[in-house]
Amino acid sequence: MNKPDLISKTILFVKQNLENAEGGHDWFHIERVYKNALLIAQNETCDIKVVQLGALLHDIADSKFHDGDETIGPKKARLFLESENVDQNSITHVINIIENISFKGGNFDQKFSSIELDIVQDADRLDAIGAIGIARAFNYGGFKNRAMHNPAISPNTRMTKEEYKKSEAPTINHFYEKLLLLKDKMNTESGKEIAIQRHRYMEGFLAQFYSEWEGEK
């Protein structure tokens, strides 16, 4: 049976590890994904412990901040869960969620599937769109010193996983290369419903952005 304080310990572990993280991938991102996951899980039959742990640990060591190394996050999560004596089936499930949650250019074939992954993946994707998604995109773009927009550089929606990871394109391109694609990639009915409204918000933002960029009224 799940120890009563496991989730509290996991939250503390994540907060400590992400104390100095970039603003779009910090503890508050994890907290929002956690809340989104709990909201979606209400309408699904699932292992709530795995959903909670998967949401809390999904970005414990994002490869973007570790020279593209995708093994650090799963290793760190596994060591923590083993130190808390979590059962091996749950650990394996959580690690599978961490390894398969990422968008990676949209051309990544998941090697694992479960309703728990669907829930956490939707929760994470919801935090990448809408008002928060816009803020996160520009925050990360500033962190990487990227241009906001450059009309001479067209979006590339056919990138390989490696090209996507290495892309240094302007932030506006990211909307077309990922953010606007997420609405149609949601897994759960709850996720799809929330994504529709957030998608529309991004479309409105882009229309306003281009209007201001061109000096229109």
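Computed from a predicted model, the values in this text were never measured in an experiment.

Procedures and definitions
- Residues numbered from 1 in each chain as written.
- Predicted model: local features only at pLDDT ≥ 70, side-chain atom pairs only at ≥ 80, totals over all residues.
- Heavy atoms only, no water.
- Phe/Tyr/Trp six-rings, centres within 6.5 Å; stacked < 30°, edge-to-face > 60°.
- Helix = DSSP H or I, 4+ residues; strand = E, 2+ residues; numbered from the N terminus.
- Buried < 20%, exposed > 50% of the residue type's maximum accessible area, 1.4 Å probe, protein only.
- Core = buried A, V, L, I, M, F, W, Y, C linked by side-chain atoms within 4.5 Å.
- Contact = heavy atoms within 4.5 Å.
- Axes fitted to C-alpha atoms, helices over the stretch in contact; angles between N-to-C directions.
- Left-handed = near helix turned anticlockwise from the far one by under 90°.
- Nonpolar A, V, L, I, M, F, W, Y, C, P; charged D, E, K, R; others polar.

**Some details on the packing of aromatic side chains**
Then comes step 1: Counted by the stated rule, this structure contains nine aromatic pairs.
Then comes step 2: Centroid distance phenylalanine 13 to phenylalanine 80: 4.3 Å. Interplanar angle 10°. Geometry classified as stacked. In this pair, phenylalanine 13 is assigned in helix α1 (residues 6-17) and phenylalanine 80 in helix α4 (residues 72-83), connecting sequence segments 67 residues apart. In this structure, phenylalanine 13 and phenylalanine 80 share a single accessibility class: buried.
Then comes step 3: Aromatic pair phenylalanine 175 and phenylalanine 205: ring centres 5.9 Å apart, planes at 20°, arrangement stacked. Of the two residues, phenylalanine 175 sits in helix α9 (residues 171-177) while phenylalanine 205 sits in helix α10 (residues 189-213), which places them 30 residues apart along the sequence.

**Focus: the nonpolar core**
Then comes step 1: In terms of nonpolar packing, the biggest core is built from 52 residues, with Val14, Leu57, Leu81 and Phe175 touching the most fellow members.
Then comes step 2: Here leucine 57 is in contact with Thr10, Phe13, Val14, Ala77, Phe80, Leu81, Val94 and Ile98, once residues within four sequence places are set aside.

**Things to note about the packing of α1 against helix α2 (residues 27-41)**
Then comes step 1: Two numbers describe how α1 lies on α2: the axes approach to 9 Å, and their chain directions differ by 145°. Crossing hand, α1 versus α2: right-handed. Between α1 and α2, the contacting residues are Ile7, Ile11, Val14 and Lys15 on the first element and Trp27, Ile30 and Tyr34 on the second.
Then comes step 2: A class-by-class count of the residues in the contact of α1 with α2 yields six nonpolar, no polar and one charged.

Shape descriptors only; they carry no functional weight alone.
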